[in-house]
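One letter stands for each residue in the lines below.
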Amino acid sequence: MEKFVRSAVTRFINEYPDRFGTATRWREPLVAFADAADPLFPELKSIVIPSHAAPGDLLAGARTVICWFVPFTRELGRLNYDGSYAHESWAVAYVETNRMLAELCRRIAAMLEAQGERCAVLPPTHNYYPKKLVSDWSHKSAAYIAGLGRFGLNRQMITEQGCCGRLGSLVTTAAMEPTPRPQHEHCLYLHDGSCAKCAQRCPIQCLTKQDYDRRACHLRLRENERIFEYIGLADVCGKCVANLPCSYRIPAPSIMPL
Ligand code: SF4
Ligand code: SF4
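Presented here is an overview of the structure given in this document.

Parameters at a glance
- Residues numbered from 1 in each chain as written.
- Chains lettered and ligands numbered in written order.
- Predicted model: local features only at pLDDT ≥ 70, side-chain atom pairs only at ≥ 80, totals over all residues.
- Heavy atoms only, no water.
- Near = heavy atom within 4 Å.
- 1 Å grid on protein atoms, 1.4 Å probe; cavity = no way out; pocket = protein on both sides within 12 Å on 5 of 7 lines; lining within 4 Å.
- Sits in = over half its atoms within 2 Å of the grid points.
- Nonpolar A, V, L, I, M, F, W, Y, C, P; charged D, E, K, R; others polar.
- Helix = DSSP H or I, 4+ residues; strand = E, 2+ residues; numbered from the N terminus.
- Buried < 20%, exposed > 50% of the residue type's maximum accessible area, 1.4 Å probe, protein only.
- Polar contact = N/O pair within 3.5 Å; in protein donor to acceptor, adjacent residues only side chain to side chain.
- Contact = heavy atoms within 4.5 Å.
- Pairing = 2+ DSSP bridges.
- Axes fitted to C-alpha atoms, helices over the stretch in contact; angles between N-to-C directions.
- Parallel < 35°, antiparallel > 145°, perpendicular 65-115°, else oblique.
- Points joined across faces, edges and corners; volume = space filled by probe spheres on them.

### Re the site of ligand 1
In the region of ligand 1, the neighbouring residues are Leu 153, Asn 154, Cys 187, Leu 188, Tyr 189, Cys 195, Ala 196, Cys 198, Cys 246 and Pro 251. Under a 2 Å grid-point criterion requiring more than half of the atoms, the pocket assigned to ligand 1 is the largest cavity. A per-class count over the shell around ligand 1 returns nine nonpolar, one polar and no charged.

In C-alpha cells:
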C-alpha cells in the first residue's frame, strides 16, 4: 500500500504541469506515513493550539496520516533569492501549488476510497485563525511526526529534498507502516551553531537566532499578497527557504565528526 501511494503521488506530480499547463515544475516528491495513534499527535494541543485536531477527530477510525513534501526547483529558489520582496514566479508557484496540492489530496483519497477505505481531505493552506495565525491542523507538525524531516532554525521542515517546497497531508483508515523519524538534526545551526543564513536572509529581521516573530512575518506575507493580487491569493515570501544550504538537501552530517 505504501508503494502504491508513493508511486501515485509521484506520477500525479510529474504529469501535472503538462496536463494543466502550469508554469511551475516540481522535483521528486517525498511521501511518509504516521500512525494515527502516535502519541505526539495529542501533544500538538499543548504545543500548537488547544483546538489542534488529532487524526481521530478528523476521521473516525483513522489509522494513518499520509504526508508529502513537494519540492520546488532550484531555478525557482534562485529566482526568489534576490530582492526583499518575493519574485513573481514564487507567487505563481504558490498559487499553482496550492491548486495542485488540493487536487492531489482528492486524487489519493479517491484511490483509497476505491479500495474501501475512508479519508479526510485537508486543505493545503489558508485554514488558520487570523488572530492566532495557527490552524487546527498543522501539515508541518504532521510531517515531523511522519518522519518527513526535522525543523530548522527557519521553522521549516528540512527533508531529504530540503525545505524549499510545500507540504500536504491526508488522514485515512488505511493501515500503513509508519516511517521512522530521523534521529539527527538536519539544520546546521541546530547541529553545531553554524550557518544561520536563513536569519541573515530575512528582509525584515523577524527571524533571528533567538526568535521568530510570527506576526511580523505574516505582515510581510500580506505585503507580498497585495503586490501579487493579480495572480491570486499569494501571501508569500520564502526568502528563508530559497537558495540556502538546506533548500534542496539535508545540510548537516548524519554522524558527528570525532
Ligand atoms: S539556512 Fe542554515 S540555519 Fe537556517 S534552517 Fe537552513 S541550515 Fe538551518
Ligand atoms: S517568510 Fe520572509 S519574513 Fe517570514 S521569516 Fe521567512 S524571510 Fe522572514
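Now that the structure is up, let's keep going.
### Digging into the side chain of Thr 173
Tracing the sequence through the fold places Thr 173 in the loop between strand E6 (165–172) and helix H7 (188–192). Here Thr 173 falls in the buried class, since its relative accessible area comes to 11%. Only 2.8 Å separates the side chain of Thr 173 from the side chain of Glu 117, close enough to count as a polar contact. Only 2.8 Å separates the side chain of Thr 173 from the backbone nitrogen of Arg 118, close enough to count as a polar contact. In contact with Thr 173, not counting residues within four places along its chain, are Leu 59, Ala 60, Gly 61, Ala 62, Arg 63, Glu 117 and Arg 118.

### Let's talk about the sheet that holds E6
Here four strands make up an open sheet; going across it, the order is E1-E2-E6-E3 and the pairing antiparallel. Either end of the sheet is taken by a strand with one partner, and the two such strands are strand E1 (30–35) and strand E3 (119–121). Strand after strand, the sheet turns through a mean of 25 degrees between neighbouring axes, direction not considered. With three bridges connecting them, E3 and E6 associate as antiparallel partners.

### Focus on the packing of helix H4 (residues 74–81) against helix H5 (residues 88–113)
For the pair H4 and H5, the least separation of the axes is 8 Å and the interaxial angle reads 130 degrees. Relative to H5, the element H4 lies oblique. Counted together, Leu 76, Gly 77, Leu 79 and Asn 80 of H4 and Ser 89, Trp 90 and Ala 93 of H5 form the full contact between these two elements. Across the contact of H4 with H5, the residue classes break down as four nonpolar, three polar and no charged.

### Some points on the layout of surface pockets
Space inside the second largest pocket adds up to approximately 260 Å³. Along the wall of the second largest pocket there are 16 residues; nearest its centre are Leu 30, Gly 147, Leu 148, Glu 160 and Thr 179. Looking at the lining of the second largest pocket, the elements with two or more residues in it are helix H1 (2–20) and E1. Among the elements that take part in the lining of the second largest pocket, E1 stands out by supplying three residues, more than any other. The class makeup of the residues in the lining of the second largest pocket is eight nonpolar, five polar and three charged.

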